[in-house]
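One-letter residues, chain by chain:
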Amino acid sequence: MSHSPTDRHAYGLRVRGLGHVTELAPAVPPDDRPTLTVRYDHTGPPPQPTGPDRERCARVLADGRRMSVRRDLSTATFHGPAPAPDLLAHPYLAAAAIVVNRWAGRESFHAGAFVSGGRAWAVLGARTAGKSSLLAALAADGVPVLADDVLVTDGRDGFAGPRCLDLREPVPGADLATRPARYATRLRVALPPAPDRLPVGGWFFLRWRDGQPDTAPPGSRRDGGGPAVSPVPASDLLARLAALRTWPELPSDPAVLLALATLPAWDLVRPRGWWALDHTRRLIGRALRAPTEATPVTAPTDAVRPAGATS
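Rules of the game
Residues numbered from 1 in each chain as written. Predicted model: local features only at pLDDT ≥ 70, side-chain atom pairs only at ≥ 80, totals over all residues. Heavy atoms only, no water. Pairing = 2+ DSSP bridges. Helix = DSSP H or I, 4+ residues; strand = E, 2+ residues; numbered from the N terminus. Axes fitted to C-alpha atoms, helices over the stretch in contact; angles between N-to-C directions. pLDDT = per-residue confidence, 0-100. Contact = heavy atoms within 4.5 Å. Buried < 20%, exposed > 50% of the residue type's maximum accessible area, 1.4 Å probe, protein only. Core = buried A, V, L, I, M, F, W, Y, C linked by side-chain atoms within 4.5 Å. Parallel < 35°, antiparallel > 145°, perpendicular 65-115°, else oblique. Polar contact = N/O pair within 3.5 Å; in protein donor to acceptor, adjacent residues only side chain to side chain.

The next thing to look at is the sheet that holds strand β13 (residues 164-167). The sheet built from 3 strands is open, its strands ordered β13-β15-β14 with antiparallel pairing. Each edge of the open sheet carries a strand with a single partner, namely β13 and β14 (178-181). Each adjacent strand pair in this sheet contributes to an overall mean axis angle of 35°, direction not counted. Relative to strand β15 (residues 186-190), β14 runs antiparallel, the two being bridged by 4 bridges. The partner of A181 across the bridge, within β15, is R186.

What follows concerns the confidence of the model for the protein. Mean pLDDT over the protein stands at 86; residues scoring 70 or higher make up 88%. Taking the mean pLDDT of every element in the protein, the minimum, 47, falls on strand β19 (residues 297-298) and the maximum, 98, on strand β10 (residues 145-147). Throughout residues 212-223 the model reports pLDDT below 50, and contacts reaching past four residues in sequence, or to other chains, amount to 29 contacts. Contacts from residues 292-311, a stretch scored under 50 in pLDDT, to residues over four places away or in other chains number 55 contacts.

What follows covers the environment of A97. Relative to the elements of secondary structure, A97 occurs in helix α1 (residues 85-103). Along the backbone, A97 and A10 are 87 residues apart, and their C-alpha atoms lie at a distance of 8.4 Å. Among all residues touching A97, those that are not within four sequence positions of it are Y11 and L13.

Another aspect to go through is helix α2 (residues 131-140). Judged by how many residues are buried, α2 sits mostly within the fold: 8 of 10 residues are covered. Remark: G142 follows α2 within two positions and exhibits a positive phi of approximately 90°.

Take the nonpolar core next. In this structure, Y11, L18, M67, L93 and W247 are the most contacted members of the largest nonpolar core, which totals 33 residues. It is α1 that contributes the most residues to this core, 13 residues altogether. Setting aside chain neighbours within four positions, we find M67 in contact with C57, A58, R59, L61, T77, F78, H79, A95, A96 and W247. The next biggest cluster of nonpolar side chains, apart from the first, holds 27 residues, and it includes A129, A136, V145 and I284.

Packing of α2 against helix α5 (residues 277-289) brings their axes to within 11 Å, and their N-to-C directions diverge by 80°. In terms of orientation, α2 and α5 fall into the roughly perpendicular class. Residues L134, A137 and L138 of α2 form the contact with α5, whose participating residues are L277, T280, R281 and I284.

All right, on to the pairing of strand β18 (residues 265-270) then. Taking burial as the measure, the 6 residues of β18 include 6 buried ones, the bulk of the element. Residues A265, D267 and V269 point to one face of β18 and W266, L268 and R270 to the other, with burial holding for every one of them. Here strand β16 (residues 197-208) pairs with β18 via 6 bridges, running parallel. By the bridge assignment for β18, L206 is matched with L268.

On to the side chain of T280, then. Turning to its location among the elements, T280 is positioned in helix α5. Residue classification places T280 among the buried residues on the basis of a relative accessible area of 1%. One polar contact links the side chain of T280 to the main-chain carbonyl oxygen of A276, over a distance of 2.8 Å. Setting aside residues up to four positions removed in sequence, T280 forms contacts with L134, P227, L268 and R270.

Have a look at this one:
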C-alpha cells in the first residue's frame, strides 16, 4: 500500500482525504490499519438510508447530513457541501469510522478513555452523563486522554480518537484552552499526542445520583452523599457493554464483546455539582490501585470541597 504524507490516523484507521484536519495525527508507515478515504458529493441526490449491511451503509446523521460508506472501495462519502474541518474531526469522522471498524470485526462504544498504567480505561455513559467533563478534568491534571466520545477496540486494544475533546461548558478549575467548534455549540479542547493504541484495562460506568437537581449550589449536599465507586458484577457486564455499543443494528463479533466483558468494571455514581469533581478523580485513582476491591469506595463527607460553579 502506498503512503501519503497527508494520511492521518484515528479510531484505528488510516484516514485519507482529511490532511487539512489539524485534530488528526499523521499516520506513520508501515502499519496494519484499515484505510478509509473520505469524499464529498454535492452533485447528485443523497442516497436513501439503508438498513444493516455488510457491504454498504447509508445514514442520516444527527444534523441532517447524509453519509454513505462502501466496503469495497473503503470510502465514506458526505453528501452536500464539504463540511467544515472541525465537524470532520468530530462528529463526522466518528460516524464513518464506526461502520468501517464494525466491518473489520471491531467494536465501538459511546465512551471516552483515559490512560493510566499503560492501559486505556473507558468511561461510558449515556449522553449528558458527564463523560467529556470528567475527561477534561483529568486532562487538566495531566492525565492522557485517548478518546473523547467514541472508543473503538478490537477486544484487546483501544484506539486513539482525534486529538480533541468537546465540552458543552467550561469545567471550573480546569486550566484548559478552548475554542468554539461545531457551529459554536461546543468548546473544543486540543489534546496532546497519544499512542495509536493501548490495551484496554477496564470500564467505568457513569451515573448521576437519583434525585440530584441539575443545578445545586457549590458545597450543597442535597442528594445525601458524595461520589462513590463500586464494582460491577461480572454477570452484568456483558449486557451493559452490549447496551452501550454505537449503532447497535450494525453487525458485531460476539468474541470481541466476550473478551471485553472479562475486564474489571465499576459504577461511578456522582452528584451533579462541580464541587464533587475533585474527589471523583481521587476515587478513580483508588479504584485503579485496587482493581479487585469488593467493597464500594465512597467519598467521606469532609473530603468533598466546593470547586466553583455547578454543572
